[in-house]
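What follows is each chain in one-letter form.
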Amino acid sequence: MSIIAENVTKTYGNQQALNGVSFQIDKGQIVGFLGPNGAGKSTMMKIITCYIPPTSGKVSVCGFDVMEQSIQAKKHIGYLPELNPLYTDMYVREYLSFIGGMYKIQNLKTRVEEMIETVGLQPEAHKKIETLSKGYRQRVGLAQALIHDPEVLILDEPTSGLDPNQLVEIRNLIVQVGKTKTVMLSTHIMQEVEAMCDKAFIIDRGKIVADNLDVKELAKGNLKLEEIFKKVTSRD
Ligand code: ADP
Ligand code: MG
């Protein structure tokens, strides 16, 4: 298992964001983490990536507890946060070298060039990040998440706000890098999950409401993911 979450809860003040969340993600899968806005997706991802602690419960990544062994866990995790926070006044190579330096990567210059190629940044790699389109900024975000060659990638709404062409390009890129990694990506777009993912989970109001859905199997049948989503997240 790449990711195991056991009975995770998170409260912010008196706001309960996660309420007993458990799931497992197999090695090598691309998993869609679906849910309406405010469901708890980003909170769960911040806990998996050791950015915030859970209020209770346990999470491990590649066998490392995110609380007790966070340094080892982080070595195995690449994270593209929601809204892709980048240092926009840096140049692309400068930024990737800065991130790679934090991971103490050997042959950093070569690794930065490899990443630029992997994510298709070559035509824009000489520019300042603030001058890049949103699609190219997402590529920089993916490159920084991949630079230390992690086994697990956590992508929080990686395609949100992209135009239709950029959307297809970034989806293809995620599928490409996902061939050799475990990927967990959040979205509220069903077609995205159908296009990219092996499995899907649905979370609503801090609880898992649909577990381990087999996306390819669902695609063969009549029951569409969208109908399941509507049913399990309905407010009626
Ligand atoms: P999602 O990513 O699915 O939209 P979030 O994990 O961002 O959901 O949020 C889950 C719930 O927790 C929401 O009700 C949100 O308002 C609340 N929340 C998230 N972050 C904070 C915070 N830092 N302080 C207080 N409440 C928060
Ligand atoms: Mg979110």
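Residues numbered from 1 in each chain as written. Chains lettered and ligands numbered in written order. Predicted model: local features only at pLDDT ≥ 70, side-chain atom pairs only at ≥ 80, totals over all residues. Heavy atoms only, no water.

**A word on the overall build of the protein**
Helix and strand counts for the protein stand at nine helices and ten strands. Relative to its length of 236 residues, the protein is compact, with a C-alpha radius of gyration of 18 Å against a globular reference of 18 Å. By its C-alpha atoms, the protein is 50 × 40 × 30 Å across when sized along the principal axes. In the protein, which comprises 236 residues, the proportion classed as buried is 51%. When contacts within the protein are restricted to residue pairs at least 6 apart in sequence, those whose partners lie at least 24 apart make up 67%. For the protein, the accessible surface area stands at approximately 11600 Å², while carbon and sulfur atoms represent 49% of it. (Helix = DSSP H or I, 4+ residues; strand = E, 2+ residues; numbered from the N terminus. Rg over C-alpha atoms; globule rule 2.2 N^0.38 Å. Buried < 20%, exposed > 50% of the residue type's maximum accessible area, 1.4 Å probe, protein only. Contact = heavy atoms within 4.5 Å. Areas by Shrake-Rupley, 256 points an atom, 1.4 Å probe, with all protein chains shown as cover.)

**Description of the site of ligand 1**
Surrounding ligand 1, one finds Tyr12, Gln15, Ala17, Pro36, Asn37, Gly38, Ala39, Gly40, Lys41, Ser42 and Thr43. Contacts to ligand 1 include glycine 40, whose backbone N or O atom sits 3.0 Å from an oxygen atom. Between ligand 1 and the protein, one listed contact pairs an oxygen atom with a side-chain N or O atom of serine 42 at 2.9 Å. Taking 560 Å² as the accessible area of ligand 1 by itself, protein coverage stands at 63%. Broken down by secondary-structure element, the contributors of at least two residues to the shell around ligand 1 are β2 (15-25) and α1 (41-48). Here the shell around ligand 1 takes three residues from α1, the largest share from any one element. (Near = heavy atom within 4 Å. Polar contact = N/O pair within 3.5 Å; in protein donor to acceptor, adjacent residues only side chain to side chain.)

**Here's the deal with the coordination of the magnesium ion (ligand 2)**
Of the protein atoms, only Ser42 (OG), Glu82 (OE) and Glu82 (OE) coordinate the magnesium ion (ligand 2), at distances of 2.0 to 2.8 Å. Taken together, the positions of serine 42 in helix α1 and glutamate 82 in the loop between β6 (77-80) and α3 (92-102) put the pair 40 residues apart, joining distant regions of the chain. The class for serine 42 is buried, based on a relative accessible area of 15%. (Donors = N, O, S within 2.8 Å, 3.2 Å for Na, K, Ca; no water.)

**Some remarks on the environment of arginine 205**
Within the secondary structure, arginine 205 sits in the loop between β9 (199-204) and β10 (207-214). Not counting residues up to four positions away in its chain, the partners in contact with arginine 205 are Ala39, Ser234 and Arg235.

**Things to note about the pairing of strand β3 (residues 30-34)**
With five of its five residues buried, β3 lies for the most part within the structure. Here β3 shows two buried faces, one formed by Ile30, Gly32 and Leu34 and the other by Val31 and Phe33. As paired elements, β3 and strand β8 (residues 182-187) share five bridges and run parallel to each other. Bridge assignment links leucine 34 to a residue of β8, and that residue is threonine 187. In this sheet, β9 lies alongside β3 in parallel orientation, the contact comprising four bridges. Across the sheet, the residue bridging to leucine 34 is isoleucine 202, located in β9. (Pairing = 2+ DSSP bridges.)

**Description of the sheet that holds β8**
Across the sheet, six strands lie side by side as β6-β7-β8-β3-β9-β10; this open sheet has mixed pairing. Looking along the sheet, the strands with just one partner apiece sit at the ends: β6 and β10. Adjacent strand axes in the sheet meet at a mean angle of 15° when their direction is disregarded. Two elements, β9 and β10, share five bridges in a ladder whose sense is antiparallel. (Axes fitted to C-alpha atoms, helices over the stretch in contact; angles between N-to-C directions.)

**Section: the packing of aromatic side chains**
Evaluation of the coordinates by the stated rule reveals five aromatic pairs. With a centroid separation of 5.9 Å and an interplanar angle of 65°, the aromatic rings of tyrosine 87 and phenylalanine 98 are classed as edge-to-face. Of this pair, tyrosine 87 sits in the loop between β6 and α3 while phenylalanine 98 sits in helix α3, placing them eleven residues apart in sequence. An aromatic cluster of three or more residues is present, and its members are Phe23, Phe33 and Phe201. Between the NZ or CZ atom of arginine 139 and the centre of the ring of tyrosine 136, over which it lies, the distance is 5.2 Å. (Phe/Tyr/Trp six-rings, centres within 6.5 Å; stacked < 30°, edge-to-face > 60°. Lys NZ or Arg CZ within 6 Å of the ring centre and 35° of its normal.)

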